Amino acid sequence: MQLSSPTPFAMLYHLGNQDPYGHEIRQALRKLDISIRTLHEEDLERSVGSLCGLESSVESLCGPESPVTSGPLTPSCTDLSGRSPAPDFPFLLMAFFPEDLLDQLLRAMKEASIQIPYKAVLTKTNRTYRLRKLMEEVKSEHDTING
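Basis of the calculations
- Numbering of residues begins from 1 in every chain and follows the order in which that chain's sequence is written.
- In keeping with the model being predicted, local features are shown solely for residues with a pLDDT of at least 70 and side-chain atom pairs are shown and tallied solely at 80 or more, while totals for entire chains, interfaces and linings include all residues.
- Water and hydrogen atoms play no part in the side-chain values, which are based on all heavy atoms of the structure.
- Comment: elements are numbered from the N terminus, with helices defined as DSSP H or I runs of at least four residues and strands as E runs of at least two.
- Only heavy atoms matter for contacts: two residues are in contact if any of them lie within 4.5 Å across the pair.
- The method behind every accessible area is Shrake-Rupley, applied with a 1.4 Å probe, and residues are considered shielded solely by the protein chains displayed.
- Two strands qualify as a pair provided DSSP detects at least 2 bridges between them.
- With axes taken as lines fitted to C-alpha atoms, and helix axes fitted only over the stretch in contact, angles between N-to-C directions fall between 0 and 180 degrees.
- Grouping buried Ala, Val, Leu, Ile, Met, Phe, Trp, Tyr and Cys residues that are joined through side-chain atoms within 4.5 Å yields what is termed a nonpolar core.
- Here the term buried applies to any residue with accessible area under 20% of the maximum for its type, exposed to any over 50%, and partly exposed to those in between, with areas from a 1.4 Å probe on protein chains only.
- Every helix has an expected span of 1.5 Å times one less than the residues it contains.
- Arc, as used here, means the arc of the directions from the helix axis to the C-beta atoms.
- In this charge count, Lys and Arg are treated as positive and Asp and Glu as negative; neither His nor the chain ends contribute.
- A side-chain nitrogen of Lys or Arg and a carboxyl oxygen of Asp or Glu constitute a salt bridge if their distance falls within 4 Å.
- Consider the strands pointing away from the viewer: the crossover is right-handed when the path from the first strand over the helix to the second runs clockwise.

Draft legend 1. Seen up close, the overall build of the protein. Within the protein, the regular secondary structure consists of 5 helices and 6 strands. For the protein, long-range pairs separated by at least 24 residues make up 73% of all intrachain contacts whose partners lie at least 6 apart in sequence. Element-wise, carbon and sulfur atoms account for 49% of the exposed surface of the protein, whose accessible area totals about 8700 Å².

Now the structure itself:
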């Protein structure tokens, strides 16, 4: 008996229907039968793994009430009193996407001229990051590469 893979889904931050590409990305995801979850500011301190429903997330190590922070990219349980303001850019996080579905979504985005420069795929490494840290890291890398 073969175990089934988790169902692919996309998480959207600052991509509501009122946002420039929010409506279009939601349409593209629905056409591919991909579930959509909306991320909110209160999700920024949660681990990516916990947002994706993975039990082995850092939050389970810190406890449900303990915020997760990270150093260079290593998570730990610490105080968040000096945290930065919430990111104000759109972000797309894709979880449990098989390669062919990822290709289909990226192709559909290109064909519909949907520009979401900050996006990531769930990985074994980034599942332990706080969402805020992942978003900042993706934005920094993208901005460095694209000048």
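Draft legend 2. Spotlight on the sheet that holds strand β1 (residues 9-13). Taken in spatial order, the 4 strands make up an open sheet running β2-β1-β5-β6, and their pairing is mixed. Single-partner strands in this sheet number two, and they are β2 (35-39) and β6 (119-121). The sheet shows a mean angle of 20 degrees between the axes of neighbouring strands, direction not considered. Relative to β2, β1 runs parallel, the two sharing 5 bridges. By the bridge assignment, Tyr-13 is partnered in β2 with Leu-39.

Draft legend 3. Summary view of the nonpolar core. In this structure, Met-11, Cys-52, Phe-91, Leu-93, Leu-131, Leu-134 and Met-135 are the most contacted members of the largest nonpolar core, which totals 20 residues. Elements that contribute at least two residues to this core include exactly β1, α2 (48-51), β5 (91-95) and α5 (131-145). Beyond its immediate sequence surroundings of up to four residues, Cys-52 is in contact with Phe-9, Met-11, Ala-95, Phe-96 and Leu-122. One finds Leu-12, Ile-25, Met-109 and Ile-114 within the second-largest nonpolar core, a separate group that totals 16 residues.

Draft legend 4. Here's a closer look at helix α4 (residues 99-111). The terminal C-alpha atoms of α4 lie 18 Å apart, and with 13 residues this matches the ideal 18 Å at 1.5 Å per residue to within 8%. Within the span of α4, buried status applies to Leu-101, Leu-102, Leu-105 and Met-109. Buried residues of α4, seen end-on, are gathered within an arc of 105 degrees and therefore sit on one face of the element. Exposed side of α4, more than 90 degrees from the buried face: Glu-99, Lys-110 and Glu-111 are the residues found there.

Draft legend 5. Examining unusual backbone geometry more closely. Not every positive phi belongs to a glycine, and His-14 is a case in point at roughly 55 degrees. As for its position among the elements, His-14 is in the loop between β1 and α1 (22-31). The phi torsion at Asp-33 lies on the positive side, around 60 degrees, for a residue other than glycine. Within the fold, Asp-33 resides in the loop between α1 and β2.

Draft legend 6. Layout of the side chain of Arg-26. Along the chain, Arg-26 turns up in helix α1. In this structure, Arg-26 is buried with no salt-bridge partner, the nearest side chain bearing the opposite charge being Asp-19 at 6.7 Å.

Draft legend 7. Representation of the pairing of β1 in the model. Burial of β1 is extensive: 5 of the 5 residues sit out of reach of the surface. Residues of β1 alternate between two faces, with Phe-9, Met-11 and Tyr-13 on one and Ala-10 and Leu-12 on the opposite face, all of them buried. Chirality of the crossover, the property in question, places the unit of β1, α1 and β2 among those that are right-handed. Here 5 bridges tie β1 to β5, and the two strands are oriented antiparallel to one another. Its bridge partner being in β5, Ala-10 is matched across the sheet by Met-94.

Draft legend 8. Geometry of the pattern of salt bridges. Per the stated rule, a full pass over the model turns up 4 salt bridges. Close ionic contact of Arg-132 with Glu-45 constitutes a salt bridge, the shortest N to O distance being 2.6 Å. Residue Arg-132 is located in helix α5, and its partner Glu-45 is located in the loop between β2 and α2; the two are separated by 87 residues in the primary sequence. Note on accessibility: Arg-132 and Glu-45 belong to one class, buried. Residues joined by salt bridges that share partners form a network here, namely Glu-45, Arg-130 and Arg-132.

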